[in-house]
Amino acid sequence: MRVLLVGAGGVGGAVTRIAARRPFFEAMVVADYDPDRAEAAVAALGDDARFTAEQVDASDESAVARLLASYRCDVLLNATDPRFVMPLFRAARAAGATYLDMAMSLSRPHAERPYEECGVKLGDEQFAQAADWEKEGLLALVGMGVEPGLSDVFARYAADELFDEIEEIGIRDGANLAVDGYDFAPSFSIWTTIEECLNPPVVYEGGKGWFTTEPFSEPEVFDFPEGIGPVECVNVEHEEVLLVPRWVDARRVTFKYGLGREFVETLRTLHLLGLDRTDPVTVPGPEGPVKVSPRDVVAACLPDPATLGERMHGKTCAGTWVRGVKDGEPREVYLYHVVDNQWSMAEYGSQAVVWQTAVNPVVALELLATGAWSGAGVLGPEAFPARPFLDLLTDYGSPWGMREQ
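Read on for a plain summary of the structure. Going along each chain's sequence as written, the residues are numbered from 1 onward. This being a predicted model, a pLDDT of at least 70 is required before a residue's local features are given, and a value of 80 or more before pairs of side-chain atoms are given or counted; all residues contribute to the totals for chains, interfaces and linings. Side-chain figures throughout are based on the complete set of non-hydrogen atoms in the structure, without hydrogens or water.

### With respect to the overall build of the chain
The secondary structure listing takes helices from DSSP runs of H or I that are at least 4 residues long and strands from runs of E that are at least 2 residues long, numbered from the N terminus. Each helix and strand in the chain was counted, giving 14 helices and 20 strands. We take the radius of gyration over the C-alpha atoms and set the globule estimate at 2.2 Å times the residue count to the 0.38 power. At 20 Å, the chain has a C-alpha radius of gyration in line with the 22 Å of a compact globule built from 405 residues. Across its three principal axes, the chain shows a C-alpha extent of roughly 60 × 50 × 45 Å. Only protein chains enter the area calculation, which uses a 1.4 Å probe; residues under 20% of their type maximum are buried, those over 50% are exposed, and those in between are partly exposed. Per-residue burial for the chain yields a buried fraction of 57% across its 405 residues.

### Topic: helix α10 (residues 261-272)
Owing to its 3.6 residues per turn, the α-helix aligns residues three or four sequence positions apart on the same side. A helix's residues, less one, multiplied by 1.5 Å, set its expected span. An ideal rise of 1.5 Å per residue puts 16 Å on 12 residues; α10 measures up with 16 Å between its terminal C-alpha atoms. We call two residues contacting when some pair of their heavy atoms lies within 4.5 Å. Where α10 is buried, its residues touch α8 (190-198) and α11 (294-301).

### Details of the packing of aromatic side chains
Between rings of Phe, Tyr and Trp, where Trp is taken as its six-membered ring, a pair exists when centres lie within 6.5 Å; planes separated by under 30 degrees are stacked, by over 60 edge-to-face, and by other angles tilted. Taken as a whole and judged by the stated rule, the model has 19 aromatic pairs. Between Phe24 and Phe25 the ring centres are 5.2 Å apart and the planes differ by 65 degrees, which places this aromatic pair in the edge-to-face class. On the basis of relative accessible area, Phe24 is assigned to the buried category, the value being 14%. Overall, Phe25 belongs to the buried group, its relative accessible area being 4%.

### A closer look at the side chain of Asp152
You can see Asp152 is positioned in helix α7 (residues 150-162). For the buried Asp152, which has no salt bridge, the nearest side chain bearing the opposite charge is Arg246, at an N-O separation of 9.3 Å. Under the rule applied, a polar contact is a pair of N or O atoms within 3.5 Å (in protein, one hydrogen donor and one hydrogen acceptor; residues adjacent in sequence only if both atoms are side-chain atoms). A polar atom in the side chain of Asp152 sits 3.3 Å from the side chain of Ser151. Once you skip the residues sitting within four places of it in the chain, Asp152 turns out to touch Gly143, Glu240, Leu243, Val244, Pro381 and Glu382. Charged residues are defined narrowly, with Lys and Arg counted positive, Asp and Glu counted negative, and His plus the chain ends left uncounted. Just to be clear on terms, a salt bridge is a Lys or Arg side-chain nitrogen sitting within 4 Å of an Asp or Glu carboxyl oxygen.

### Concerning the packing of α7 against helix α14 (residues 386-395)
Between α7 and α14, whose axes approach to 9 Å, the crossing angle comes to 125 degrees. By the criterion of interaxial angle, the relationship of α7 to α14 is oblique. At the point where α7 passes α14, the crossing takes the left-handed sense. Contacts from Leu150, Val153, Phe154, Arg156, Tyr157 and Glu161 in α7 reach Ala386, Arg387, Phe389, Leu390 and Leu393 in α14. Here the contact of α7 with α14 is built from residues that sort into 8 nonpolar, no polar and 3 charged. As a rule, the C-alpha atoms of each element are fitted with a line to give its axis, helices using only the stretch in contact, and angles between N-to-C directions run from 0 to 180 degrees. Note on terminology: angles under 35 degrees are roughly parallel, angles over 145 are roughly antiparallel, angles of 65 to 115 are roughly perpendicular, and the others are oblique. Whether a crossing is left-handed or right-handed is set by the direction in which the near helix is turned from the far one by less than a right angle, anticlockwise for left-handed and clockwise for right-handed. In this classification, Asp, Glu, Lys and Arg are treated as charged, Ala, Val, Leu, Ile, Met, Phe, Trp, Tyr, Cys and Pro as nonpolar, and every other residue, Gly included, as polar.

Right, dumping it as structure tokens:
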């Protein structure tokens, strides 16, 4: 397997550190718009000749396709933010390469009823091309991070091995992470966080299909394992709600994120001031007016999450809560994966949230390389058997857990 990794930021850098310990691939080209960042990611690995640094603009489909061809890469792993999903998705297909991402194509709210009806859903642009990918015998494995990704694998595992009937699947994400020295420092990309949290959340119900609600709706307190404890969680737009019902039979699917009151109020303020907007606004500059995206300004003003590991402490938990029936009896479980920031920093030099995101596409790449996973079309993690993934994740030194509720 020869891999083109596009994006050498926090998650991309963690991908390289995790992959460097595994023998399943022949080469990995690490490409980024910033050549210094790509070079730094490769230099951090020492003398591993399998890794090469390159510069590429992720929005330039032709350039990405040429890079895939020049290095004979048969897989493109997208570690950029969701704005670049579609050009990279199209570039991989043009080059005849397998495609993996950790977040799907962007949504657009319904023009008239944004908090009741779906407009363009997450992943719609990718699924619209599914027949073409399948016809060409190519695979696009979409949403293969931690959430979406591992959370979807948990949903498939629950359906296959734990339940006869599933009433509800709810992804529940919470943490007790703190960053010393900052009043507000998100542990993941603020650009993506704003997109997820301020868009209308999507809920799935059997017989009704997909529909939307107000942001931060249906608050509940969920008790997270391994010392994290109770965290208030709210509905947030996320890919699992769009992916799980395509392959797993469940009467209801939700995604709730443990944001905390202060974080929610900060996001509400950004929205109130229009600082969540992506459309450029004109502002004065020393050489005349310039156009800038307010959301890009917010992102530039905050610390890079990849640099916060030394100041961060605590744990992050990604998991899937499932309620249903097994052998005629009601059952309720929480399948989860916890990463301690102290461990991930000591073991890999990566903060917990980016490491937890990065390990899952590497596990998926290895399953594809060995043939344990295979397929054609645009497929989510639920389309593949869960047990090989969960076993290999444990082999990577990061076991998962299950709690009977």
